[in-house]
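The lines below spell out each chain.
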Amino acid sequence: MTYIVTGSTGLIGTALVKAIAANGDAVVAAARNVEKARRLFGGLEGVQVVGWDVARPFDQSLLPHASLSSCRLIHAAAETASRGFVERPVETIATIVDGTRNVLELARTARIGKVVFLSTMEVYGAPTSDPVAEGDFGVLDPAAVRSSYPEAKRLAENLCAAYAKEFGVNATIARLTQTFGPGVARGDTRVFAQFAEAALEGRDIVLHTEGRTARCYCYIDDAVSAILTLAAKGAPGEAYNVANPATFCTIREMADMLAAAHPPTRVVVDLAGAEGRGYAPEFRMRLSTAKLEALGWKPRTGLLEAYDNLIASWREG
């Protein structure tokens, strides 16, 4: 089996490349930063690093010459920093929409057997159902600059469904909740990473909101196994939630849990300066994973264990 992974130097992309290679399959690791990819994957048997900015069409001469009908392409390239959604909304939209179109065109013209597009729970907007299944959508303001990310992901999902219907491209959508674990870099500005760094250093966890937003989370290994399950079994044009329902909690509850496990860390609320950080509007979203679990997948790692593993990886350097 041959896999192509875009965004291969990101958290999920890196974990995917390493997991696939460890399984003995071949991987084409596509990345804008080729040198970084070579540092990450140098010495891994079966990994070929290629340069590809997904905002541009792919040079098909870089692909293996064998038939690609059994190849699986996992599209993980995207902007992930919330601040970027408000500071670079045009680039955020272009990378997601143009990148997905180029991936799907590659799949269509090269007759690649399977595509998995990594989307986000943010496409649901503000749904009122609990739990949220794949057909439950709420309000999403298209005139809000912060909507650059979820609106672009919505359109990219529609492209997947359209290519599946019109051209027969076998494209499946993975709607991931926030995913973390070893591989997240220190200094990452996302809230969960700031919490982990504070706990590691014994500093207070500072909340810039009341912390009422509630969601599920997913450990990196569970996300990888979910994506590979969809690469093997996901239906064309269909979307599947990827999360661990057992991790559902508010941001404040998560901060309190981590502080209790890592004294002398405390939780402090400082609402000054929250504007401009790119935080999503307050919401509560418990994702249903019944559709994915029907394919045989189950999450294995809880929230505190995910944090413990992340912090331990930072301690080890």
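In case you missed it, the structure is sitting above this.
An account of the accompanying structure is given in this report. Since the model is a prediction, treat every value here as computed from it, not as a measurement.

Rules behind the numbers
- Residues numbered from 1 in each chain as written.
- Predicted model: local features only at pLDDT ≥ 70, side-chain atom pairs only at ≥ 80, totals over all residues.
- Heavy atoms only, no water.
- Helix = DSSP H or I, 4+ residues; strand = E, 2+ residues; numbered from the N terminus.
- Rg over C-alpha atoms; globule rule 2.2 N^0.38 Å.
- Buried < 20%, exposed > 50% of the residue type's maximum accessible area, 1.4 Å probe, protein only.
- Contact = heavy atoms within 4.5 Å.
- Areas by Shrake-Rupley, 256 points an atom, 1.4 Å probe, with all protein chains shown as cover.
- Pairing = 2+ DSSP bridges.
- Right-handed = clockwise from strand over helix to strand, strands pointing away.
- Axes fitted to C-alpha atoms, helices over the stretch in contact; angles between N-to-C directions.
- Core = buried A, V, L, I, M, F, W, Y, C linked by side-chain atoms within 4.5 Å.
- Salt bridge = Lys/Arg side-chain N within 4 Å of Asp/Glu carboxyl O.
- Phe/Tyr/Trp six-rings, centres within 6.5 Å; stacked < 30°, edge-to-face > 60°.
- Lys NZ or Arg CZ within 6 Å of the ring centre and 35° of its normal.
- Expected span 1.5 Å × (residues − 1).

## Looking at the overall build of the chain
Okay, so step 1: Counting secondary structure elements, the chain contains ten helices and 13 strands.
Okay, so step 2: A globule of 317 residues ought to have a C-alpha radius of gyration of about 20 Å, and the chain, at 19 Å, matches this closely.
Okay, so step 3: Referenced to the eigenvectors of the C-alpha coordinate spread, the extents of the chain come out at roughly 55 × 45 × 40 Å.
Okay, so step 4: For the chain, with 317 residues in total, the buried portion stands at 50%.
Okay, so step 5: Within the chain, contacts between residues at least 6 apart in sequence are counted, and of these 78% link residues at least 24 apart.
Okay, so step 6: When the accessible surface of the chain is totalled, it reaches about 14,000 Å², and 50% of it is carbon and sulfur.

## Things to note about the pairing of strand S3 (residues 47-51)
Okay, so step 1: Bridge count for strand S2 (residues 26-31) against S3 is five bridges, and the pairing is parallel. By the bridge assignment for S3, valine 27 is matched with valine 47.
Okay, so step 2: Between the parallel pair S2 and S3, the chain is carried across by helix H2 (residues 34-41), and the sense of this crossover is right-handed.

## With respect to the sheet that holds strand S1 (residues 2-6)
Okay, so step 1: With parallel pairing, the seven strands of this open sheet are ordered in space as S3-S2-S1-S4-S5-S6-S10. Looking at strand neighbours, the two that pair on one side only are S3 and strand S10 (239-242), the edges of this open sheet. Sheet twist, expressed as the mean angle between neighbouring strand axes with direction ignored, is 20 degrees.
Okay, so step 2: Bridge count between strand S6 (residues 171-176) and S10: four bridges; the pairing is parallel. When the bridges of S10 are listed, isoleucine 173 appears paired with alanine 239.
Okay, so step 3: Relative to strand S5 (residues 114-120), helix H5 (residues 148-167) is tilted by about 160 degrees, and along the sheet it contacts S5 and S6.

## Digging into the nonpolar core
Okay, so step 1: Ranked by size, the top nonpolar core spans 60 residues in total, and within it Leu118, Phe180, Phe195 and Tyr307 carry the most contacts.
Okay, so step 2: Non-local contacts of leucine 118, meaning those with residues more than four positions away in its chain, are made with Ile12, Ile74, His75, Ala76, Lys153, Ala174, Leu176 and Ile227.
Okay, so step 3: Among the nonpolar cores identified, the runner-up in size contains 33 residues, and Ala30, Ala110, Tyr149 and Val169 belong to it.

## Focus: the pattern of salt bridges
Okay, so step 1: Tallying each qualifying case throughout the model produces 17 salt bridges.
Okay, so step 2: Where glutamate 35 meets arginine 38, a salt bridge forms, and the shortest distance between an N and an O atom there is 3.2 Å. Of this pair, glutamate 35 and arginine 38 both sit in helix H2, three residues apart, roughly one helical turn.
Okay, so step 3: The partner of glutamate 282 in a salt bridge is arginine 212, and the shortest N-O contact between them spans 3.4 Å. Separated by 70 residues along the polypeptide, glutamate 282 in the loop between strand S12 (267-269) and strand S13 (284-285) and arginine 212 in the loop between strand S8 (205-207) and strand S9 (214-219) bring together distant segments of the chain.
Okay, so step 4: When salt bridges with common partners are traced through the structure, they connect Arg186, Glu197, Glu201 and Arg203 into a single cluster.

## A closer look at the packing of aromatic side chains
Okay, so step 1: By the definition in use, this model includes seven aromatic pairs.
Okay, so step 2: Relative to phenylalanine 58, the ring of tryptophan 52 has its centre 4.5 Å away and its plane inclined at 50 degrees; by these criteria the two rings are tilted. Here tryptophan 52 matches phenylalanine 58 in class, with each residue buried.
Okay, so step 3: The interplanar angle of 20 degrees and the centroid separation of 4.7 Å between the aromatic rings of phenylalanine 180 and phenylalanine 192 together place this pair among those described as stacked. In this pair, phenylalanine 180 sits in strand S7 (residues 178-180) while phenylalanine 192 sits in helix H6 (residues 191-201), placing the two residues twelve residues apart along the sequence.
Okay, so step 4: A residue is classified by how much of its surface remains accessible, and phenylalanine 180, at 1% relative accessible area, is buried.
Okay, so step 5: A relative accessible area of 0% means that phenylalanine 192 is categorised as buried.
Okay, so step 6: One aromatic cluster is present, formed by Phe180, Phe192, Tyr217 and Tyr307 through successive ring pairs.
Okay, so step 7: In this structure, arginine 286 is placed above the aromatic ring of phenylalanine 248, and the distance from its NZ or CZ to the ring centre is 4.0 Å.

## A look at helix H1 (residues 11-22)
Okay, so step 1: The terminal C-alpha atoms of H1 lie 17 Å apart, and with twelve residues this matches the ideal 16 Å at 1.5 Å per residue to within 8%.
Okay, so step 2: Most of H1 is tucked away: nine of the twelve residues are buried.
Okay, so step 3: Taken together, the buried positions of H1 are occupied by Leu11, Ile12, Gly13, Thr14, Ala15, Leu16, Val17, Ile20 and Ala21.
Okay, so step 4: Where H1 ends, the next residue or the one after it, glycine 24, has phi of about 90 degrees, a positive value.

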